Amino acid sequence: MPDGSATLTLTLHPRIAEISAADWDACAGGGNPFVSHAFLSALEDSGSANARTGWLPQHAVLRTEAGHVVAIAPMYAKSHSYGEYVFDHGWANALEQAGGRYYPKLQVSVPFSPVPGPRLLRRPGTGVSVATLAGALEQACGSLKLSSVHVTFCSREEWDGLGDAGWLKRTGMQFHWENEGYGSFDDFLGALSSRKRKVLRRERRDANAAGLTFEALSGADIQERHWDAFYAFYQSTVDRKWGSAYLTRSFFSLLSERLGDKVVLMFADLDGKPVAGALNLAGDEALYGRNWGCKGDWPFLHFELCYYRAIDWAIERGLKRVEAGAQGRHKIQRGYLPQPTYSAHWIAHKGLRRAVASFVGEERAAIEAEMAALAEESPFRKGED
């Protein structure tokens, strides 16, 4: 496979352990913990991402003739479309009704994690382009006789490059909090309209008047008893939402062991016993909210533990953003504003490709309009007080 004057070879790997952590992280960089060897290997080694759960690793690696790793894509052969947060069930139904086979498909993503970031991991200075890696993934899909390749929650630069390579471009929406150089939570409140400021102060006051004790744990401060409690919260949340508990108990222990201080666990205790927890990972620029769970009912506890405590933590450390995960229009009133997310799709079947191209074009326009409308609900001051 040529790239400039170099010839590159693509290999697929059913275990991330076959790829050295040094090579992987040299391509991934250190800014986003979700694409690190440590995070993804914890998913595999804990039995969370494997053939049993429908996430069979097929990690793509590009090497030079001398064997040097220059690019990687965290990729999985998927037998379903769950745990992705970019929904294509309708595409699968359409192809199968037409007599085709949609599954298995190839998914370049971070399992169970709707966190934007790099997906086509290229070692700096090697000159490997998005187009080269896209072509390699298309070839892999064809060789395996699969229906499609999907790169989800990728960066805007990758999205544009994949579009230039002929892939279908799709957008989504999340809600992120942006740090405008605030020195404290009160500074952030000062940027809100007076009415919204009063609402947030009341919510924080009521949450903190409920007799709960709050703490933010990271690194060695997180002990196995904390993970025992958090896993119970995680399971209860999954049960309430009629979901599947993909993440095993051992995943959380491995996460602590391999990511250290990047793991930030917000806890609420009552009389010394944990009653709620929120799991976050810290990157170079952002705090990423992931899972949360609670046993009991306290006013505004979810907002306090998942949103306001995360903002406090990010301000104290000078992080640029808090990304609080998928969905949640209610986040707008708490300072988390709509932001686009990106995915790109290569579909082998020409008829399905044409239909999906029409759909995603209309969807992009609809999401752009919705984001503009939601922006009008911003709690930030618009010239008053």
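Our structure is the block above this text.
Throughout what follows, the structure given in this document is the object of discussion. (Residues numbered from 1 in each chain as written. Predicted model: local features only at pLDDT ≥ 70, side-chain atom pairs only at ≥ 80, totals over all residues. Heavy atoms only, no water.)

### Let's talk about the overall build of the chain
(1) Moving on: A count of helical and extended segments in the chain gives eleven helices and 17 strands.
(2) Moving on: Scaling as 2.2 N^0.38, a compact globule of 385 residues should have a C-alpha radius of gyration of about 21 Å, and the chain matches this with 22 Å.
(3) Moving on: Taken along the three principal axes of its C-alpha coordinates, the chain extends 60 × 45 × 45 Å.
(4) Moving on: Buried residues in the chain amount to 55% of all 385 residues. (Helix = DSSP H or I, 4+ residues; strand = E, 2+ residues; numbered from the N terminus. Rg over C-alpha atoms; globule rule 2.2 N^0.38 Å. Buried < 20%, exposed > 50% of the residue type's maximum accessible area, 1.4 Å probe, protein only.)

### Comments concerning the sheet that holds strand E9 (residues 121-122)
(1) Moving on: With respect to topology, four strands assemble into an open sheet ordered E3-E5-E6-E9, the strand pairing being antiparallel. The outermost strands of the open sheet, each flanked by one partner alone, are strand E3 (9-13) and E9.
(2) Moving on: Where strand E6 (residues 69-73) and E9 come together, two bridges link them in antiparallel fashion. Bridging from a neighbouring strand, Ala 71 pairs with Arg 122 of E9.
(3) Moving on: Packing against the sheet, helix H1 (residues 21-28) makes contact with strand E5 (59-63), E6 and E9, and its axis sits at approximately 75 degrees to E6. (Pairing = 2+ DSSP bridges. Contact = heavy atoms within 4.5 Å. Axes fitted to C-alpha atoms, helices over the stretch in contact; angles between N-to-C directions.)

### Some remarks on the side chain of Lys 78
(1) Moving on: Mapping Lys 78 onto the fold places it in strand E7 (residues 75-78).
(2) Moving on: With relative accessibility at 0%, the residue Lys 78 sits in the buried group.
(3) Moving on: A polar side-chain atom of Lys 78 sits 3.2 Å from the main-chain carbonyl oxygen of Tyr 82.
(4) Moving on: Filtering out sequence-adjacent residues up to four positions away, Lys 78 remains in contact with Gly 54, Trp 55, Glu 84, Tyr 103, Pro 104, Lys 105 and Gln 107. (Polar contact = N/O pair within 3.5 Å; in protein donor to acceptor, adjacent residues only side chain to side chain.)

### Some details on the pattern of salt bridges
(1) Moving on: Scanning the entire structure with this criterion turns up 21 salt bridges.
(2) Moving on: For Glu 84, the salt bridge identified is with Lys 78, shortest N-O distance 2.4 Å. The two residues Glu 84 and Lys 78 agree in class, both being buried.
(3) Moving on: Residues participating in the shared-partner salt-bridge network are Lys 78, Glu 84, Asp 88 and Lys 105. (Salt bridge = Lys/Arg side-chain N within 4 Å of Asp/Glu carboxyl O.)

### Observations regarding the environment of Phe 230
(1) Moving on: Counting through the fold element by element, Phe 230 comes out in helix H8 (residues 224-240).
(2) Moving on: A sequence separation of 49 residues divides Phe 230 from Leu 279, and the C-alpha atoms of the two residues are 8.4 Å apart.
(3) Moving on: Setting aside chain neighbours within four positions, we find Phe 230 in contact with Phe 252, Leu 265, Phe 267, Gly 277, Ala 278, Leu 279, Asn 291 and Trp 292.

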